[in-house]
Structures are given as structure tokens and as C-alpha cells.
Amino acid sequence: MSFAPSTRKGPVGVAVIGAGNISKAYLDNLTVFPDLKVLVIADLFVETAEARAKEYGIAEFGTPELALNHPDVEIIVNLTIPAAHVEVATAAVNAGKHVWTEKPFSLDRESGLGLLKAADAAGIRLGTAPDTFLGAGLQTARRIIERGDIGTPLTGMTTFQTPGPESWHPNPAFLFQHGAGPLFDMGPYYLTALIHTFGSVRKVAAVGSSAKATRIIGSGPKAGEEFAVEVPTHVSAMAQFEGGQSSHSVFSFESPRLRMGFVEITGSEATLSLPDPNYFDGDLKLWRPGAEEPEIIPATGPANGRGMGALDMARAIRSGGPHRATGDLAYHVLDTMVSITESVESGTFVDVTSNAPASVAVAVDWAPETATL
Ligand SMILES: NC(=O)c1ccc[n+]([C@@H]2O[C@H](COP(=O)([O-])OP(=O)(O)OC[C@H]3O[C@@H](n4cnc5c(N)ncnc54)[C@H](O)[C@@H]3O)[C@@H](O)[C@H]2O)c1
């Protein structure tokens, strides 16, 4: 879909809906990028929004309706829980606002496709997390691979394994419900990194399991409360990509041993170890045949953190150009995760029919902290 440049000028007005845990990481950046102006913060619980508004000096706080009806808000940044993503994003589309939405894009294909179609019909941009692939770490990997330093890219391996987030998240139940678990919560980072490298997924096969039926909240006011585990907490998935390349990924909330951020791409000439795809920065390691130690390659380029994708979308709104972390990309990641879940249930390979659009590389001198609008 193509867009005309916006007729408005200057910084792009933003409203955040969802003032919970991750809103802090976003607001640290959204409130300092000069091309954005955070005008409103909203939440179902107005006092939660009020606390964040005071913390960040945001002029207005209140209910989602305040954000949706604000005449100067052009982008809604949707940081609600996964089960509310489509509902809040659709309300924003209906209000004529562009939307940046947290991952996962939706809980199922039907509602995700519905959101894509609604945005398309309204001429609205959808941007979606993760935007970590715009950061220096994964963009440096892209440059290394496109330069041919690993030869022909052939295979990928990723691992995310922890004991689970209930020890540190004060409201962790949603992370163990439909639309979350290690696959839907962390899969978007790892699968986006693989898709960014290999293109669209064509088929998947997976096994999964849950070791415990309930878990206990480990921190905050609800510490000690028990909640139900509704999704697999260990998933082991294989994927084959459009060019014939393949990958193997582990997503687990069941491992006493922490192993996070492991992403390796092996080519015909070398293996490249990428930085953690949940972050924007980090060194890369290049392993050549016979070498005892890898070559360490520092990441180069912007690594400002969460909000880079919303900023990229804001600049594209003004210029009329494409933005990078699109709804179509996030839908393909979602389609892949739903297909992995179906494979866990059926014990068979599942075809993936949606496509991931290619994105334009981020220039090394792309500067989020510079005013350009
Ligand atoms: N916490 C993290 O470290 C982290 C990291 C990356 C991404 N995310 C993603 O960010 C999203 C939010 O996660 P979180 O950890 O901040 O959750 P959270 O539960 O701490 O916060 C969510 C907030 O959204 C509000 N909310 C829920 N439904 C709403 C609705 N319909 N309208 C308005 N407000 C609503 C809640 O009241 C709450 O304040 C999730 O999709 C999660 O996957 C979280």
C-alpha cells in the first residue's frame, strides 16, 4: 500500500494507550525524539495513566477515548495486553489514527487479517513491534550478510529459555494465556530476526509441552497468588523459508538455565552470531572454518531502543515513504506462530501462506535524536 505525504507539518502527535510495565521503556524515548510529541497517555485505569503522565510531563491523561478523539494525535501507540491489541488498534483505525501496536499483532489470523483490511480500507498505517530489527545489532548483521561475508545464508538457530517471567513481572498471568507463552511473547523477536534474514516462512513443524498447570506470582502486590498456565511453556520449532533455507528455534519458560538472545545464521563460508534480537545493540561474532576464536564485530548505527519503529513510521507519515516495521510483516510473524501452534497440536507440518514484505535497510547515520520534521 502507498501513502501520500501528510499535509501536517512538524513533530507528529502521539498518544500512548496502555500505561503498564513497558510504557516506561517507550516513553524514555518517545518523549525525547524531537520528531514526536507525546500529547496524551491513556489507560483503562486512569490513575495508572496519571502516574505515567506526571513521571514524563505529558500534558493530558485519561481514558482511551481521550486519546482517540484528540485532534492533534496522529499515532496511537498501543501498549495494552495482547488480548486487547486488535480491539484498541481497530478503534484507532476507526478514529482515523495511524497505529503502532505491541506484539503479538493479534491472537489469531482472522482478527489480524481483519485489522489489516480495516487499515488498508481507511488508508491508515499499521506499525508493529518488534522494532529491534531496526537497531544497530540486527542492521549490522544484515549488512554483513548482504556483503557476502558468510557466503550463501543457509540455516538459522535460535534459543530463548528462562524459568519464566512470573518471578519478575507483577501481573504475569497474561503471559501464560492464549496469545502469549514463550512462543507468542518472545517468538516475534526471534522469528522477525530469521524472516529479516531469510524472507517468508513457507512451512513449520513443532512439538510443545507444559510442565506445570499453575504458576505463582513472584513479585509485586500479588506475590504468592497462583494462576493457570493455558499454553505450552516449551516449544521446539523448525521452519523452512521461501529460498529453501531452514531454522530451528527453542522457546521455553521451563529452563532453570538462562539462555537468551541466541541467534546464529550459518552460511556457506562462515557462521554469524547475532546480538539478542530483543535488544537494539550488541557485538556480533563471525566464526570462520578452522578459526579457534571468532572475529568480534561491534554493531554500528542507531540503537536508541523501543520507539524507533514508531519514529520511523512518523517520519514516513510526513514524507509519504514506506515505514519498516509494518503490519504485514507482523501478520506474517503471527501467521507463523499460529502455524507452529497448529503443528504442536496436529503433529504435522503446517504450510504458511502469508508473505513478509522486504524492508529498506536503516542507514548507519539514521539519527532518532535529530529533528527532521
Ligand atoms: N513488559 C515487558 O518487558 C514487555 C517488553 C516488550 C513488549 N511487551 C509487550 O507490551 C504489551 C504490554 O505489556 P506490559 O508488560 O506493559 O503489560 P502490563 O499489564 O504491565 O500493562 C498493560 C496496560 O494496558 C492497560 N490496558 C489493558 N487493556 C486495555 C484497554 N483495552 N484499553 C486501555 N488500556 C488497557 C492495562 O490497564 C495496563 O496498564 C504486551 O503486548 C507485551 O507483550 C512487554
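Cut-offs and rules
- Residues numbered from 1 in each chain as written.
- Predicted model: local features only at pLDDT ≥ 70, side-chain atom pairs only at ≥ 80, totals over all residues.
- Heavy atoms only, no water.
- Pairing = 2+ DSSP bridges.
- Helix = DSSP H or I, 4+ residues; strand = E, 2+ residues; numbered from the N terminus.
- Axes fitted to C-alpha atoms, helices over the stretch in contact; angles between N-to-C directions.
- Near = heavy atom within 4 Å.
- Polar contact = N/O pair within 3.5 Å; in protein donor to acceptor, adjacent residues only side chain to side chain.
- Areas by Shrake-Rupley, 256 points an atom, 1.4 Å probe, with all protein chains shown as cover.
- Nonpolar A, V, L, I, M, F, W, Y, C, P; charged D, E, K, R; others polar.
- Domains from an automatic or database assignment.
- Buried < 20%, exposed > 50% of the residue type's maximum accessible area, 1.4 Å probe, protein only.
- Contact = heavy atoms within 4.5 Å.
- Core = buried A, V, L, I, M, F, W, Y, C linked by side-chain atoms within 4.5 Å.
- Salt bridge = Lys/Arg side-chain N within 4 Å of Asp/Glu carboxyl O.
- Buried area = accessible area lost by both parts, 1.4 Å probe.

### Some words on the sheet that holds strand β3 (residues 60–62)
In a beta sheet, neighbouring strands pair by backbone hydrogen bonds and run either parallel or antiparallel.
Consideration 1: Spatially, β3-β2-β1-β4-β5-β6 is the arrangement adopted by the 6 strands of the open sheet, whose pairing is parallel. In this open sheet, the two edge strands, each paired with only one partner strand, are β3 and β6 (126–128). Across this sheet, the average inter-strand angle for adjacent strands is 25°, counted without regard to direction.

### What about the site of the ligand?
Consideration 1: In the vicinity of the ligand lie 24 residues, with N21, I22, D43, H85 and K103 positioned nearest.
Consideration 2: The contact in question runs from an oxygen atom of the ligand to an N or O atom on the backbone of N21, over 2.9 Å.
Consideration 3: When isolated, the ligand has an accessible area of 820 Å², and the protein chains bury 87% of it.
Consideration 4: Those elements that place two or more of their residues in the shell around the ligand are α4 (85–94) and α7 (181–198).
Consideration 5: Along the lines of polarity and charge, the residues of the shell around the ligand split into 13 nonpolar, 6 polar and 5 charged.
Consideration 6: Viewed by domain, the shell around the ligand spans two of them, domain 1 (12–132 + 306–326) and domain 2 (133–297), each represented by three or more residues.

### Side note on the environment of A49
Consideration 1: You can see A49 is positioned in helix α2 (residues 46–56).
Consideration 2: On the accessibility criterion, A49 (0% relative accessible area) is buried.
Consideration 3: Separated by 11 residues in the primary sequence, A49 and E60 have C-alpha atoms spaced 9.2 Å apart.
Consideration 4: Apart from residues no more than four positions distant in its own chain, A49 is found in contact with A19, I41, A42, D43, F61 and G62.

### Some thoughts on the side chain of H85
Consideration 1: Relative to the assigned elements, H85 resides in helix α4.
Consideration 2: Taking relative accessible area as the criterion, H85 reaches 1% and is therefore assigned buried.
Consideration 3: Among the polar contacts made by the side chain of H85, one reaches the main-chain carbonyl oxygen of T80 at a distance of 2.7 Å.
Consideration 4: A polar atom in the side chain of H85 sits 3.2 Å from the backbone oxygen of E102.

### Observations regarding the nonpolar core
Consideration 1: In terms of nonpolar packing, the biggest core is built from 105 residues, with I75, V77, W100 and L272 touching the most fellow members.
Consideration 2: Sort the elements by how many residues they give to this core and α7 lands first, with 10 residues.
Consideration 3: Counting residues domain by domain, this core receives three or more from each of domain 1 (12–132 + 306–326) and domain 2 (133–297).
Consideration 4: If near-sequence neighbours (up to four positions away) are discounted, I75 is found in contact with V12, G13, V14, A15, H98, W100, A310, M313, A314 and I317.

### Regarding the sheet that holds strand β17 (residues 350–351)
Consideration 1: Read from one edge of the open sheet, 9 strands run β16-β15-β14-β13-β7-β12-β11-β8-β17, paired in mixed fashion. Two strands in the sheet have a free side with no partner beyond their single neighbour: β16 (295–297) and β17.
Consideration 2: Here strand β15 (residues 284–287) pairs with β16 via 3 bridges, running antiparallel. Bridging from a neighbouring strand, L286 pairs with E295 of β16.
Consideration 3: Each of β7 (153–161), β8 (201–209), β11 (234–241), β12 (246–252) and β13 (259–267) touches α7; the most contacted strand, β7, lies at about 160° to it.

### A look at the pattern of salt bridges
Consideration 1: In the structure shown here, the tally under the stated rule is 13 salt bridges.
Consideration 2: Taking the shortest distance from any N to any O, the salt bridge between E342 and R109 comes out at 3.0 Å. On the criterion of sequence distance, the pair formed by E342 in helix α9 (residues 327–346) and R109 in helix α5 (residues 109–122) is long-range, its members being 233 residues apart.
Consideration 3: With a closest N to O distance of 2.7 Å, D149 and R147 form a salt bridge.

### Concerning helix α6 (residues 136–146)
Since the α-helix turns once every 3.6 residues, residues separated by three or four places project in the same direction.
Consideration 1: Of all 11 residues in α6, 9 are buried; the element is thus mostly enclosed.
Consideration 2: The set of residues buried in α6 consists of A136, G137, L138, Q139, T140, A141, R142, I144 and I145.
Consideration 3: Where α6 is buried, its residues touch β7, α7, β13, β14 (271–274), β15 and β16.
Consideration 4: Backbone geometry just after α6 places G148 at a positive phi near 95°.

### What to know about the domain arrangement of the protein chain
Think of interface size as the accessible area that goes away when the parts come together; that is how it is often given.
Consideration 1: If you check the domain split of the protein chain, you get domain 1 (12–132 + 306–326) and domain 2 (133–297).
Consideration 2: When each unit is reduced to the centre of its C-alpha atoms, the spacing between domain 1 and domain 2 is 25 Å.
Consideration 3: Contact between domain 1 and domain 2 buries roughly 1600 Å² in total, counting both sides, with carbon and sulfur atoms accounting for 65%.
Consideration 4: Our count for the domain 1 to domain 2 interface comes out at 1 salt bridge.
Consideration 5: In this structure, D185 engages K103 in a salt bridge whose closest nitrogen and oxygen atoms are separated by 2.7 Å.
Consideration 6: Put simply, domain 1 and domain 2 have 8 residue pairs in polar contact (both at pLDDT 80 or more) between them.
Consideration 7: A per-class count over the side of domain 1 that touches domain 2 returns 7 nonpolar, 3 polar and 5 charged.

### Regarding unusual backbone geometry
Consideration 1: For the bond running from K103 to P104, omega is -5°, close enough to zero to count as cis.
Consideration 2: Along the chain, P104 falls in the loop between β5 (98–101) and α5.
Consideration 3: The omega angle of the peptide bond from A129 to P130 is 5°, so this bond is cis rather than trans.
Consideration 4: Checked against the element boundaries, P130 lands in the loop between β6 and α6.

### Examining the pairing of β11
For a regular strand, side chains alternate in direction, first toward one face of the sheet and then toward the other.
Consideration 1: Pairing analysis gives 8 bridges linking β8 to β11, with the strands arranged antiparallel. Across the sheet, residue A206 finds its bridge partner in β11, namely A237.
Consideration 2: By the bridge criterion, 7 bridges tie β11 to β12 in an arrangement that is antiparallel. Residue pairing across strands places S236 opposite V250, the latter belonging to β12.
Consideration 3: Counted between consecutive antiparallel strands, the loop separating β11 from β12 contains 4 residues, among which G244 sits at a positive phi close to 95°.

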